[in-house]
Amino acid sequence: MGDIIYNKERTLAGKMDSLSPGDAIALGIALCEAAEKAADGEFRGGIWPGNITFEDGCAAMGPYNEKGLKEMGPDAIEYIAPEQFWKGETSPACDTYSIGLVLYTALNGGLLPFFEEKKEFTPQDRAAALQKRMRGNDMVYPRYACRELGDVILCAVEFEAEDRFPCPAALRAALEALPEEAAIPAVAPVIRLKPSELENRHSYRVDKLFEKVSPFRHPKPPKRSTTVKENMDVKEFRKPSIRRKWIGPGAVILVIIIALALVIRGCSMDKRDDLPKDELPATSDSISTESPRPQTPPSPTLIIPTPTPTPTPAAEPTFTVYRADLTWEQARDKCEEMGGHLAVVDSEERFNELCVLAQQQGLTYVWLGSYRGTDGEWYNVNGDKLSFTRWDAGEPSVMDLDGTREDYLLLWYRANQNRWCFNDMRNDPIAVVPAYRGKIGYILQTN
């Protein structure tokens, strides 16, 4: 790592778009070495551009932020691994993810994954990009990385920890094994291969003259079943196979067998004609001279249909609105104590019904019975997946402006637009926005 010392005045913040592929490879190797030495093979953390000083091919990192996720700044949160974001789990693979994401940003014009190229980004833009990454959406190749370098980076930022390089040492070995051509910027964006294409994957090697070497190998033609001998006669080469030779004789044999069967049947019919008529066996075609006896029709059976029981209609749930300055978890527990649960919205009709109830009570913010699970999906408190949504523009935003996760469903009223909509919210919004006080409540659902 050299003698370089971390300097918070000379970090990589705002400079990620100025690194070449060669610089990025050197940065990745240096960061891996720094993480290995600082963590002694364990999780190090605290790896993001604003916490890295990189000079003369050497890197130094600032102090590890030992505070919890809620106290981390938005810049640091954007570079942590999904399992650390959702579950608070840390491992050396989390450091691999952070280093890989730093390299991705350096080779993507200074932009994190899922950011569109523009000058300014709103908090909603950042939250939307983070949400896609934390849900495991597929990332494209960094725009200035060749396929070999892009493969290494995408492996480092795989969504599942077991699919990544297990530790920074493994990532460093992969970066050091890259060919010299990997330091040359890609002349065009590289398209990520689909899983079905991985078996036939290819890469383009580019030398100093940018000469393209074809990666494809033409398949060998299939071998002919007929062996061609030297000076073989054309008729002999084209002679039919054994199967074709037997087609003609086989057909003749079949015709002879059918003819013999017909002759034998004709002889048996001649012997039948020589018998006296009174000795002929009775057949179904013989006409009886006796007058038919009238048959008495059977008595009809009276069938009484069994009446179909009328199903008992399911009881409609009852909803009660309460005004209370509670967190989502407190409202959930309160509903369970009263023998029900927080209201679940599963249809347009139910959504409109709850909006009317909330408006009648003069509420602006109302807790509902849905939450974001550790896998990033939304679930209802009754165990079902959230099937109906009415998100506000820019929602769900995943985290608040201070980096706090927003994992709970809030129904809120947009007065300037005169409409109700969904918003993902932190557990205790009153703690940071006192204006919620007196305007928030929850809806109890009992069946």
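Nothing here was measured: the structure is a model prediction, and the numbers come from that model.

**Comments concerning the pattern of salt bridges**
Okay, step 1: Enumeration over the complete set of coordinates arrives at 17 salt bridges.
Okay, step 2: Salt-bridge contacts for Arg 414 lead to Asp 392; the nearest nitrogen and oxygen are separated by 2.1 Å. With Arg 414 in strand S7 (residues 408-414) and Asp 392 in the loop between strand S6 (378-380) and S7, this residue pair connects regions lying 22 residues apart in the sequence.
Okay, step 3: For Asp 392, a relative accessible area of 5% corresponds to the buried category.

**Considering the side chain of Thr 404**
Okay, step 1: Topologically, Thr 404 is positioned in the loop between S6 and S7.
Okay, step 2: We classify Thr 404 as buried; its relative accessible area is 6%.
Okay, step 3: A polar side-chain atom of Thr 404 sits 3.1 Å from a polar atom in the side chain of Arg 426.

**A word on a nonpolar patch on the surface**
Okay, step 1: A surface patch of nonpolar side chains, about 310 Å² in accessible area, is lined by Leu 254, Ile 258 and Leu 262.
Okay, step 2: Under the relative-accessibility criterion, Ile 258 is labelled partly exposed at 48%.

**Comments concerning unusual backbone geometry**
Okay, step 1: Cis geometry is found at the peptide bond from Glu 395 to Pro 396, where omega equals -5 degrees.
Okay, step 2: Along the chain, the position of Pro 396 falls in the loop between S6 and S7.
Okay, step 3: Residues other than glycine seldom take positive phi values, yet Asp 56 does so here, at roughly 55 degrees.
Okay, step 4: Position of Asp 56 relative to the elements: it lies in the loop between strand S1 (52-55) and strand S2 (58-61).
Okay, step 5: Among the residues examined, Asp 56 registers a relative accessible area of 80% and is labelled exposed.

**Section: the nonpolar core**
Okay, step 1: Formed by 62 residues in total, the largest nonpolar core has its most connected members in Leu 27, Leu 149 and Leu 175.
Okay, step 2: Per-element tally for this core: the top contributor is helix H1 (residues 21-39), with nine residues.
Okay, step 3: Apart from the residues within four sequence positions on either side, Leu 27 is in contact with Leu 12, Leu 19, Ile 52, Phe 54, Ala 59, Val 102 and Leu 103.
Okay, step 4: Counting residues in each nonpolar core, the second largest holds 19 residues, with Phe 319, Val 321, Phe 351 and Ala 358 among its members.

**Focus on the environment of Trp 378**
Okay, step 1: Here Trp 378 shows up in strand S6.
Okay, step 2: Spatially, the C-alpha atoms of Trp 378 and Asp 407 are 8.6 Å apart, while their sequence positions differ by 29 residues.
Okay, step 3: When near neighbours in sequence (up to four residues on either side) are disregarded, Trp 378 contacts Arg 135, Ser 370, Tyr 371, Arg 372, Lys 385, Leu 386, Trp 391, Pro 396, Asp 407, Tyr 408, Leu 409 and Asp 424.

**Things to note about the pairing of strand S9 (residues 440-446)**
Regular strands place side chains that alternate from one sheet face to the opposite one.
Okay, step 1: The buried count for S9 comes to six of seven residues, which makes it a mostly enclosed element.
Okay, step 2: For strand S3 (residues 318-323) and S9, the ladder comprises six bridges, and the chain directions are antiparallel. Among the inter-strand pairings, Phe 319 is bridged to a residue of S9, identified as Gln 445.
Okay, step 3: Where strand S4 (residues 341-342) lies against S9, two bridges are found, and the strand directions are antiparallel.

**Digging into the packing of aromatic side chains**
Okay, step 1: Applying the stated rule across the entire model yields 13 aromatic pairs.
Okay, step 2: Ring centres of Tyr 365 and Tyr 436 lie 4.1 Å apart, and the angle between their planes is 25 degrees; this geometry places the pair in the stacked category. Residue Tyr 365 is located in strand S5 (residues 365-372), and its partner Tyr 436 is located in the loop between strand S8 (419-425) and S9; the two are separated by 71 residues in the primary sequence.
Okay, step 3: Residue Tyr 365 is classed as buried on the basis of its relative accessible area, which comes to 15%.
Okay, step 4: Residue classification places Tyr 436 among the buried residues on the basis of a relative accessible area of 8%.
Okay, step 5: Judged by centre distance (6.4 Å) and plane angle (85 degrees), the rings of Phe 388 and Phe 422 are edge-to-face. Linking Phe 388 in the loop between S6 and S7 with Phe 422 in strand S8, this pair joins segments that are 34 residues apart in sequence. Here the two residues Phe 388 and Phe 422 agree in accessibility, since each one is buried.

Parameters at a glance
- Counting of residues starts from 1 at the beginning of each chain's written sequence and follows it residue by residue.
- In keeping with the model being predicted, local features are shown solely for residues with a pLDDT of at least 70 and side-chain atom pairs are shown and tallied solely at 80 or more, while totals for entire chains, interfaces and linings include all residues.
- Side-chain measures were taken over the full set of non-hydrogen atoms in the model, leaving aside hydrogen atoms and water.
- We define a salt bridge as a contact between a side-chain nitrogen of Lys or Arg and a carboxyl oxygen of Asp or Glu at a distance within 4 Å.
- Counting from the N terminus, the helices are DSSP H or I runs at least four residues long and the strands are E runs at least two residues long.
- Only protein chains enter the accessibility calculation, which uses a 1.4 Å probe; a residue is then buried when its area is under 20% of its type maximum, exposed when over 50%, and partly exposed in between.
- Under the rule applied, a polar contact is a pair of N or O atoms within 3.5 Å (in protein, one hydrogen donor and one hydrogen acceptor; residues adjacent in sequence only if both atoms are side-chain atoms).
- The patches described consist of residues with a relative accessible area above 30% and no salt bridge, like charges being joined within 9 Å and nonpolar side chains (Val, Leu, Ile, Met, Phe, Trp, Tyr) within 5 Å.
- Each accessible area is a Shrake-Rupley estimate made with a 1.4 Å probe; only the visible protein chains count as cover when residues are assessed.
- Residues grouped as a nonpolar core are buried Ala, Val, Leu, Ile, Met, Phe, Trp, Tyr and Cys residues, joined through side-chain atoms within 4.5 Å.
- Contacts were defined at the residue level, with two residues in contact if any of their heavy atoms lie within 4.5 Å.
- Strand pairing is assigned whenever DSSP identifies at least 2 bridges connecting the two strands.
- When the centres of two rings from Phe, Tyr and Trp lie within 6.5 Å, Trp using its six-membered ring, the rings pair. Their planes under 30 degrees apart give stacked, over 60 give edge-to-face, and anything left gives tilted.

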